[in-house]
Amino acid sequence: MNRVELKAIIDEQLANLEIVDVHTHLFPADFDGLLLWGIDEILTYHYLIAEFFRYSSLDYREFFRLPKARQAELVWQTLFLDRSPVSEAQRGVLTILNRLGLDVKSRSLEAYREYYRGLTLQGQIDQVFKLAGVKEIVMTNDPFDPQERAVWKRGTAGDPRFKSSLRIDPLMMNFPAAAEVLQGEGYNVTGDFGGNSAAEVRRFLTDWVEKIDALYMAASLPPTFTVDDNSLRSRVLKECILPVCREQGIPFAMMIGVKKLVNPGLELAGDSVGKAEIGVVEQLCSEYPENKFLVTMLSRENQHELAITARKYRNLLVFGCWWFLNNPSLVEEITALRVETLGLSFIPQHSDARVLEHLIYKWDHSREIIGRVLLEKYADLGATGWQVSAAEIERDLKQLFQGNFRAFVGR
Ligand code: FIX
Ligand code: ZN
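Please read all numbers here as calculations on a predicted model, not as lab measurements. (Residues numbered from 1 in each chain as written. Chains lettered and ligands numbered in written order. Predicted model: local features only at pLDDT ≥ 70, side-chain atom pairs only at ≥ 80, totals over all residues. Heavy atoms only, no water.)

### Examining the site of ligand 1
For clarity, the cut-off: For each residue, the test is whether any non-hydrogen atom lies within 4 Å of the molecule or strand; if one does, the residue is near. Each polar contact in these results corresponds to two N or O atoms within 3.5 Å; when the atoms are within protein, one needs to be able to donate a hydrogen and the other to accept it, and residues that are neighboring in sequence are counted only if both atoms are side-chain atoms. For accessible areas, the Shrake-Rupley method is used with a probe of radius 1.4 Å. Any residue's cover is judged against the shown protein chains and nothing else. As defined here, a cavity is a set of points on a 1 Å grid over the protein atoms alone where a 1.4 Å probe fits but cannot get out. A pocket is an open set with protein on both sides within 12 Å along at least five of seven lines, and residues line them when an atom is within 4 Å of a point. Pocket occupancy is defined atom-wise: a molecule lies in a cavity or pocket when more than half of its atoms are within 2 Å of its grid points.
Around ligand 1 sit His-23, His-25, His-46, Tyr-47, Arg-167, Ser-220, Met-255, Trp-322, Trp-323, Asp-352 and Arg-354, and those are all the residues in its vicinity. The side chain of His-23 places a nitrogen or oxygen atom 3.1 Å from an oxygen atom of ligand 1. With respect to ligand 1, the side chain of His-25 contributes an N or O atom lying 3.1 Å from an oxygen atom. Its free accessible area being 330 Å², ligand 1 has 98% of it covered by the protein chains. Structurally, ligand 1 is housed in the largest pocket.

Written as structure tokens, this is what we have:
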């Protein structure tokens, strides 16, 4: 099979692929408006807000007090009409518009708004999943968010395409505040993790994993994350989170390297990145062989050592080119490094979609790059005389884009 034939097969298999997107911030239509969608949400995505303020001297608070539609107009003018939208987040908007069949060259925000006026949310969910080639997504379900807690208490019709994960950052990042929420929910915990708190936190975690049928538990963690100390964070992890994950047979997903709110004025756009210590991943995988760890790290500088660490521990599954790494040049570099180091034993990407339509651009862009990397690797095999078949390419892609995750979570 020559390179042209190989590329045609890879492109066809990628186009027919049913992706399981292992980390998003999306929700079904009946989650009380928690699902963001539509052109104004697309244009006010925090990635674009950060880029908008590269050019604007507007007071942050003044901007965020504006109606969402006005914020979107300012972003459209500044990042699209006043200068070419060459950044990845800017290009993403145009990919979405183009794939929705809108006239990108019109550059008419009004025309795009008119299009949306004719849509229903449920219809847009169906259309976006189809255009993006996504079969299922995993939500980020936060029991510490009162709005989301109310939805789960009320009960929802649910949508089989939307799977759950239990996001528990406050337990590790601000236990006293988390303890107040748990007390309010009837769990006998104290802010200093005293008394019967460990057992009660385990009961809380068990109740919620079972209530939402969580595929995994997750937390985003700072570059300084360590478990060597006797901190509340370490104790909650070792005495509560890891035991419940073991009992429930689910992974703990650690998203390591976020510096929260280095610029608070930017709100969600105010987080940044720091190189973390890979030793904490080694230590947890080594000391807790009965636990499964999904890990993604935010710093480019952590990627090689994370891949090498995954070679040492089969209870570690690396996933995604997260957030600031989700740019074509880095996705290509990281995916090539992972294939060369881990073969097909990793999850190449997640969308981190915050707005429904992000599924379209995040997967269009990533599929193309990951396909390019795999073409090189299959071509390298061909050069040795090894002939990979279309069925084998389909098998490999299915493993990367859903099989590895399903096997690791046991679903
Ligand atoms: O912690 C997370 O889930 C991060 O992905 C988010 O906090 C972040 O804002 C994001 O959406 C990045 O893509
Ligand atoms: Zn996220």
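### Considerations on the coordination of the zinc ion (ligand 2)
What counts, and what does not: Sites may look incomplete, because water is not among the atoms used; the donor set itself consists of N, O and S atoms within 2.8 Å of the metal (3.2 Å for Na, K and Ca). Exposure classes here rest on a 1.4 Å probe applied to the protein chains alone. A residue is buried below 20% of its type maximum, exposed above 50%, and partly exposed in between.
The zinc ion (ligand 2) binds to the protein through His-23 (NE2), His-25 (NE2) and Asp-352 (OD); the donor distances cover 2.0 to 2.1 Å. Positions of the donor residues of the zinc ion (ligand 2) along the chain correspond to the pattern H-x1-H-x326-D. Take His-25: its relative accessible area is 15%, and that puts it in the buried class.

### Considering the layout of surface pockets
Just so we agree on the cut-off: Grid points are joined across faces, edges and corners, and a volume is the space filled by probe spheres set on the points. Counting from the N terminus, the helices are the DSSP runs of H or I reaching at least four residues and the strands are the DSSP runs of E reaching at least two. Here the term charged refers only to Asp, Glu, Lys and Arg, the term nonpolar to Ala, Val, Leu, Ile, Met, Phe, Trp, Tyr, Cys and Pro, and the term polar to all other amino acids, Gly among them.
Empty space within the largest pocket amounts to approximately 1,000 Å³. Residue assignment for the lining of the largest pocket shows that the elements contributing at least two residues are helix H3 (46-52), helix H5 (68-81), helix H10 (169-173) and strand S4 (214-221). A per-element tally of the lining of the largest pocket places H3 first, with three residues. Partitioning the lining of the largest pocket into residue classes produces 19 nonpolar, seven polar and twelve charged. Within this model, the second largest pocket holds a volume of roughly 270 Å³. Taken together, 16 residues line the second largest pocket, and the ones lying closest to its centre are Tyr-47, Glu-51, Ala-89, Trp-323 and Phe-324. Among the secondary structure elements, those contributing two or more residues to the lining of the second largest pocket are H3, helix H6 (88-99) and helix H17 (358-384). It is H3 that contributes the most residues to the lining of the second largest pocket, four residues altogether.

### Some details on the packing of H17 against helix H18 (residues 390-409)
A pair of packed helices is characterised by two quantities: the angle between their axes and the separation of those axes. Condition: Each axis is a line fitted through C-alpha atoms, and for a helix only the stretch in contact is used; angles between axes span 0 to 180 degrees, taken between their N-to-C directions. What sets the label is the angle itself: under 35 degrees gives roughly parallel, over 145 gives roughly antiparallel, 65 to 115 gives roughly perpendicular, and the rest give oblique. Whether a crossing is left-handed or right-handed is set by the direction in which the near helix is turned from the far one by less than a right angle, anticlockwise for left-handed and clockwise for right-handed. Throughout, a contact is declared for two residues whenever any of their heavy atoms are within 4.5 Å.
Close contact between H17 and H18 brings their axes to 13 Å; oriented N to C, the two are set at 130 degrees. Here H18 runs oblique to H17, going by the angle between their axes. Taken as a pair, H17 and H18 cross one another with a handedness that is right-handed. Every residue of H18 that contacts H17 at Trp-363, Ile-370, Leu-374 and Tyr-378 is listed here: Ile-393, Asp-396, Leu-397, Leu-400 and Phe-401. Classifying every residue of the contact of H17 with H18 by side-chain character gives eight nonpolar, no polar and one charged.

### Some thoughts on the side chain of Arg-167
Positionally, Arg-167 belongs in strand S3 (residues 162-167). A polar atom in the side chain of Arg-167 sits 2.5 Å from the side chain of Asp-169. A distance of 3.4 Å separates polar atoms of two side chains, one belonging to Arg-167 and the other to Ser-220. Setting aside chain neighbours within four positions, we find Arg-167 in contact with His-23, His-25, Thr-140, Asn-141, Asp-142, Pro-143, Phe-144, Ala-218, Ala-219, Ser-220 and Met-255.

### Regarding H18
This is how the line gets drawn: To estimate the expected span of a helix, subtract one from its residue number and multiply by 1.5 Å. One axis fitted to the seven residues ending at a residue, another fitted to the seven starting there: the angle between these axes is the bend at that residue.
Here H18 spans 28 Å end to end across 20 residues, near enough to the 28 Å set by a 1.5 Å rise per residue. The largest bend along H18 reaches roughly 55 degrees and is located at Gln-399. Inspection of H18 places Ile-393, Asp-396, Leu-397, Leu-400, Phe-401, Gln-402, Asn-404, Phe-405, Phe-408 and Val-409 among the buried residues, and these make up the whole buried set. Phi for Gly-410, located one or two positions after H18, is positive at around 75 degrees.

Everything listed here is a matter of coordinates, which is why it stays silent on function.
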